[in-house]
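# Structure assessment
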Protein chains: 2
Amino acid sequence: MAKELKDLTKRAENYSQWYNELVVKADLAEQSAVRGCMVIKPYGYAIWEKMQQQLDRMFKETGHVNAYFPLLIPKSFLSKEADHVEGFAKECAVVTHYRLKNDPEGRGVVVDPEAKLEEELIIRPTSETIIWNTYRNWIKSYRDLPILCNQWANVFRWEMRTRMFLRTAEFLWQEGHTAHATKEEAMEEAVKMLNVYADFAERYMAVPVIKGVKSANERFAGALETYTIEAMMQDGKALQSGTSHFLGQNFAKAFDVKFINRNNELEYVWATSWGVSTRLMGALIMTHSDDNGLVLPPHLAPIQVVIIPIYKSAEQLDEINRRVAPMVEKFRNMGISVKYDNADNKRPGFKFADYELKGVPVRLALGARDLENGTIELMRRDTLEKETLPIEGIEEHVKALLEEIQTNIYRKALALRESKTTTADTYEEFKEKIEQGGFILAHWDGTPETEEKIKEETKATIRCIPLDGDKTPGKCMVTGRPSAQRVIFARNY
Amino acid sequence: MAKELKDLTKRAENYSQWYNELVVKADLAEQSAVRGCMVIKPYGYAIWEKMQQQLDRMFKETGHVNAYFPLLIPKSFLSKEADHVEGFAKECAVVTHYRLKNDPEGRGVVVDPEAKLEEELIIRPTSETIIWNTYRNWIKSYRDLPILCNQWANVFRWEMRTRMFLRTAEFLWQEGHTAHATKEEAMEEAVKMLNVYADFAERYMAVPVIKGVKSANERFAGALETYTIEAMMQDGKALQSGTSHFLGQNFAKAFDVKFINRNNELEYVWATSWGVSTRLMGALIMTHSDDNGLVLPPHLAPIQVVIIPIYKSAEQLDEINRRVAPMVEKFRNMGISVKYDNADNKRPGFKFADYELKGVPVRLALGARDLENGTIELMRRDTLEKETLPIEGIEEHVKALLEEIQTNIYRKALALRESKTTTADTYEEFKEKIEQGGFILAHWDGTPETEEKIKEETKATIRCIPLDGDKTPGKCMVTGRPSAQRVIFARNY
């Protein structure tokens, strides 16, 4: 086994370091020369593409269309929505000039002071402002509504502490921006897209999530309500995996977007926005992977099955090649993505370790003796179990096994979350339990002040007020004031 | 017919205005609040998505993988390749600060002078520099080669005169960046991708193109050779539609990217880059469309067939709905994208004009009398011919017709190009003919000075030295010096 493959830090030793190393060793991404920006390498990007394709399909099935809006936003747009500017202006990349010139002193190029912009432009941290400025011209009457646009784009937020996929200055995402004639319809849309996200996380990423509402402190800057899906990582910390916002009429008012409603009255338009990003890659990696490397859900794995020949002579390899060719074709016809790795410059042991590290769900190995016996060796990545099976019908067996692996890793993640979810009735109990990690269900009086105090004293925040949670009222663990229901506290990424 | 649909300027009156209006009226794109940047509207984006999907498939079939590199490039990177900085530094968006703050005088937000970057960052005008800086760490030995990466991204060039799709400050594109162990392999790759582009343009866009080599004046900044596909628009002007560059070892030298070759020697890596952009949308629009609006090639039309009911009563509509339902399903099963527009708030005449404007290749109209007679009315967008056909088997008829339309519009564009391609043997003849538009095949002495003189005096440039052109030598029409072959001159977009 190659040294670099064995060097992966163990989760129990240092979870955070394990993650950072895994991202690099599995060839997913690496730091770039630009502070806080990563390079997404081909293998990482192939997983992201699979996510994109599936999400895009789900958006289109729910009636959405794609469009594209400018990367740069006039500075003044940010100021138009009061909360929004507070949330986003502080961490922006600002374009001030539009030309470079040769350095008069001969040292490369310098900014041309003559080419200063009258108004600075901001690289979009999110696109509500530029999009609502555009929607003003698209919307005159209720007949123009709803508008159900999505955009796949890069965005930029000048983050101080970055980690690959989890928090980077530039990241890739999609942002849905919808416009509606009624409040009810906009609220319905926000919940619908939350459900799309939850469905995607659970069925494709195999990541169980809790759907809920954010407290005021954690709400999107400019939203009246932020819905969220929250996942638990193996170390018990929460990862916010997608958000959907009911924006009310805030952006319509800021950008003066009115329409004639069915009663022939002029009214402000209702809005939502919703997004998921390359952060989902972080959730995927941290939920399933182990000390041997990535574990990918079959529904998103760029390579679902790898086949490796074990041979001692060119004749044996020829024979194996001939046997594998129809197998590869059969897998392809079944819609299973397969790689036959008969490259001659690496030993089987190296290949085994490499595909383990890369999280390929099923590995098949075929040797000369297998050919004689009509058998094949199969290893499943999730449990690392090996078995020898008849080669006849192996394709059908693998097809069923891929589904089994998909279900199994979801169940495993769910079991972990359940084992690390607990309740606390007193603040003392809470403080003890939060040190163990995990989700804590506790009563809270609903005030930002109490939440702030808890955050300062324990580093835990309210991840969400769960939509499907127990609705029994109680008393706030800190202040003793009334609480409508338990909410989920956790430390988070 | 709705007034706005009829207002389209005719091509013969003002071709340029016709194009600008069509882009807006067909809902493809519009100007944004940011100078030189457009909003790509859902219908325009749907066409671009179809282009992307097909190109992406062709890139993957030729062994390429996608990756993602940072949007921002350190200013000093641009200076590392001498020609490159000359070509790109002059029109860059420059990020100088990373924070805004509340204006002390209470007027919105201002740039925080404390948040000035040590080194300015440039929004990528193209990514050779940041990518070759990254490749340095990926390449040690010939075993790491070739690297065949592509990136789908937005880029930014501060253009002074912009036109939607044809020349915008921000545009969407793909950029392939490959690294090779030998000069021959890199040159082969550059030609291979030129062929992929030509194949895509002709088979999917139905745009005939001429493959050729650029003269030194028109070469990409930093390339040793630039290959191009050149298309002719209906007004006889040329549109450069895609380029593929053999970069030699220029970027490897600039970023110190060396590898151990098969002879165990340290050598600089060989490179190519190649790209097409949303400019292709301009080529698509200008090649096929007419005074009634867009004409889309069936292989890229988001809606290939639209079905419109003609009815006088709710009962009639019900009956038509029932007859159309299985037709829609059959089209879908045949892989044909179909829209049944039975919206009640617009009259059939409006719908007819609207789908004509939007370039939907085939329109079917079904009325009460058709139901009685077992017929259906069909109009093909390319010729505007109408006929009444048996409804039985209409799906198969349409399927064949879509292919016929695809071929027909390609042939029409090719015939136009041929009719507007001529030769000139003297500079006098050239000057006369260039006023008529079109491609002129003429002899040229191969010097930048002569090309520059011709450009100044006639506004025509060498579009390319055609790869498949007549290789008969001759004498330069301007200087009388020897010429290896005729080259293509034209005015261009």
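Since this is a predicted model, take the numbers as computed values, not measurements.

### So, the interface of chain B and chain A
Counting from both sides, the interface comprises 66 residues of chain B and, opposite them, 66 residues of chain A. Around 5,100 Å² of area is buried between chain B and chain A when both sides are counted, 67% of it from carbon and sulfur atoms. By the criterion of area lost to chain A, the three top residues of chain B are Y68, Y98 and L100 of chain B, representing 13% of everything that side buries. At the junction of chain B with chain A, the criterion picks out two salt bridges. The salt bridge involving K60 of chain A is made with E49 of chain B; its shortest N-O contact spans 2.9 Å. At the boundary of chain B with chain A, the tally comes to 24 residue pairs in polar contact (both at pLDDT 80 or more). Residue composition of the side of chain B that touches chain A, by class: 40 nonpolar, 11 polar and 15 charged. Bridge count for strand β5 (residues 94-97) of chain A against strand β5 (residues 94-97) of chain B is three bridges, and the pairing is antiparallel. When the sheet's bridge partners are listed, V94 of chain A is paired in β5 of chain B with H97 of chain B.

### Some details on helix α15 (residues 448-458) of chain B
Residue and element names in this part refer to chain B. Here α15 has its buried residues at T450, E451, I454 and T458. Axial view of α15: buried residues confined to an arc of 100°, hence all on one face. Turned more than 90 degrees away from the buried face of α15, the exposed residues are E449 and E456. Contact partners of the buried residues in α15: α14 (427-434), β24 (461-466) and β27 (486-490).

### Some points on a negative patch on the surface
All names here are of chain A. There is a patch of like negative charges on the surface, built from E315, D318, E319 and E372. Top contributing element to the negative patch by residue count: helix α10 (residues 314-333), with three residues. The exposed category is assigned to E315, whose relative accessible area is 57%.

### Things to note about the nonpolar core
Within the largest apolar cluster, 85 residues are counted, with the highest numbers of intra-cluster contacts made by I123 of chain A together with I123 of chain B. If near-sequence neighbours (up to four positions away) are discounted, I123 of chain A is found in contact with L71, L72, A93, V95 and F156 of chain A together with L71, L72, V95 and I123 of chain B.

### What to know about the sheet that holds strand β21 (residues 386-390) of chain B
All names here are of chain B. Spatially, the five strands line up as an open sheet ordered β18-β17-β19-β20-β21, and their pairing is mixed. On the outer flanks of this sheet lie β18 (338-340) and β21, each paired with one strand and no other. Taking each pair of neighbouring strands and ignoring which way they run, the sheet shows an average axis angle of 25°. Alignment of strand β19 (residues 362-367) against strand β20 (residues 375-380), held across four bridges, turns out to be antiparallel. If you follow V362 over to β20, its bridge partner there is R380. Packed on one face of the sheet, helix α11 (residues 348-357) meets β17 (305-310), β18, β19 and β20 and runs near 170° to β17.

Analysis parameters
Residues numbered from 1 in each chain as written. Chains lettered and ligands numbered in written order. Predicted model: local features only at pLDDT ≥ 70, side-chain atom pairs only at ≥ 80, totals over all residues. Heavy atoms only, no water. Contact = heavy atoms within 4.5 Å. Buried area = accessible area lost by both parts, 1.4 Å probe. Salt bridge = Lys/Arg side-chain N within 4 Å of Asp/Glu carboxyl O. Polar contact = N/O pair within 3.5 Å; in protein donor to acceptor, adjacent residues only side chain to side chain. Nonpolar A, V, L, I, M, F, W, Y, C, P; charged D, E, K, R; others polar. Pairing = 2+ DSSP bridges. Helix = DSSP H or I, 4+ residues; strand = E, 2+ residues; numbered from the N terminus. Buried < 20%, exposed > 50% of the residue type's maximum accessible area, 1.4 Å probe, protein only. Arc of directions from axis to C-beta. Patch = residues over 30% accessible without salt bridge, like charges linked within 9 Å, V, L, I, M, F, W, Y side chains within 5 Å. Areas by Shrake-Rupley, 256 points an atom, 1.4 Å probe, with all protein chains shown as cover. Lys, Arg positive; Asp, Glu negative; His and termini not counted. Charge placed at Lys NZ, Arg CZ, Asp CG, Glu CD. Core = buried A, V, L, I, M, F, W, Y, C linked by side-chain atoms within 4.5 Å. Axes fitted to C-alpha atoms, helices over the stretch in contact; angles between N-to-C directions.

Nothing here speaks to function; it is all geometry.
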